[in-house]
Amino acid sequence: MITKKYLDDLTYQIIGGAIEVHKFMGRGLLESIYHQCLKEELMHRKINFLTEMNVPVVYKEKTLDMNFRCDLLVEHSIVVELKSVHEIVPAHEAQLLSYMKLLRCPKGILINFNCFNLFKEGQRTFVNEYFRTLPGQ
């Protein structure tokens, strides 16, 4: 059973991994480089994930042939969307929220590696409203 505590602990591990990558690599690189580094960091931490997986889009019980991919799906619970941009815009948030909805994930993390302090300004966590009632423990 997925609990709030489990998701919070996993979120802490993911953000900690992203901070480690950011400290080591710095800012200003391509998103694809950070993606590969974060995959290595998650493997080092023994955290299971899928990467660049197709996100199914279903309309009226029909799966549509779309090329909709999320960067990381961690432990089948948290969608992680990576960016390396000057600033996060509402479209980036909407993209993550769409992945969370389509994958039925309770939580999502948007990480922007092109910042000075990843902990303070480079990450945002989102909760899927459908899952707001998860047990605490």
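In case you missed it, the structure is sitting above this.
Everything in this summary refers to the structure shown in the same document. Keep in mind the model is a prediction, meaning the values are calculated, not measured.

**Details of the packing of helix α1 (residues 4-25) against helix α2 (residues 31-44)**
Taken N-terminus to C-terminus, the directions of α1 and α2 make an angle of 125 degrees; their axes are 9 Å apart at the nearest point. Here α1 is positioned oblique relative to α2, judged by the angle of their axes. For the pair α1 and α2, the sense of crossing is right-handed. The segment α1 lies against α2, with Ile14, Gly17, Ala18, Glu20, Val21 and Met25 engaging Ile33, Tyr34, Cys37, Leu38, Glu41 and Leu42. Looking at the contact of α1 with α2 residue by residue, the class counts come to nine nonpolar, one polar and two charged.

**Details of a nonpolar patch on the surface**
Taken together, Tyr59, Leu64 and Met66 make up a surface patch of nonpolar side chains, about 300 Å² in accessible area. Mapping Leu64 onto the fold places it in strand β3 (residues 62-64).

**With respect to the packing of aromatic side chains**
Overall, the coordinates contain two aromatic pairs when judged by the stated rule. Pairing Tyr34 with Phe113 gives two aromatic rings, centres 4.4 Å apart and planes at 5 degrees, and the pair type is stacked. Of this pair, Tyr34 sits in helix α2 while Phe113 sits in the loop between β6 (107-112) and α4 (118-121), and the two are 79 residues apart along the sequence. For the pair Tyr34 and Phe113, one class covers both residues: buried.

The rules we used
- Residues numbered from 1 in each chain as written.
- Predicted model: local features only at pLDDT ≥ 70, side-chain atom pairs only at ≥ 80, totals over all residues.
- Heavy atoms only, no water.
- Axes fitted to C-alpha atoms, helices over the stretch in contact; angles between N-to-C directions.
- Helix = DSSP H or I, 4+ residues; strand = E, 2+ residues; numbered from the N terminus.
- Parallel < 35°, antiparallel > 145°, perpendicular 65-115°, else oblique.
- Left-handed = near helix turned anticlockwise from the far one by under 90°.
- Contact = heavy atoms within 4.5 Å.
- Nonpolar A, V, L, I, M, F, W, Y, C, P; charged D, E, K, R; others polar.
- Patch = residues over 30% accessible without salt bridge, like charges linked within 9 Å, V, L, I, M, F, W, Y side chains within 5 Å.
- Areas by Shrake-Rupley, 256 points an atom, 1.4 Å probe, with all protein chains shown as cover.
- Salt bridge = Lys/Arg side-chain N within 4 Å of Asp/Glu carboxyl O.
- Phe/Tyr/Trp six-rings, centres within 6.5 Å; stacked < 30°, edge-to-face > 60°.
- Buried < 20%, exposed > 50% of the residue type's maximum accessible area, 1.4 Å probe, protein only.

Function cannot be inferred from these measures alone, as they are strictly geometric.
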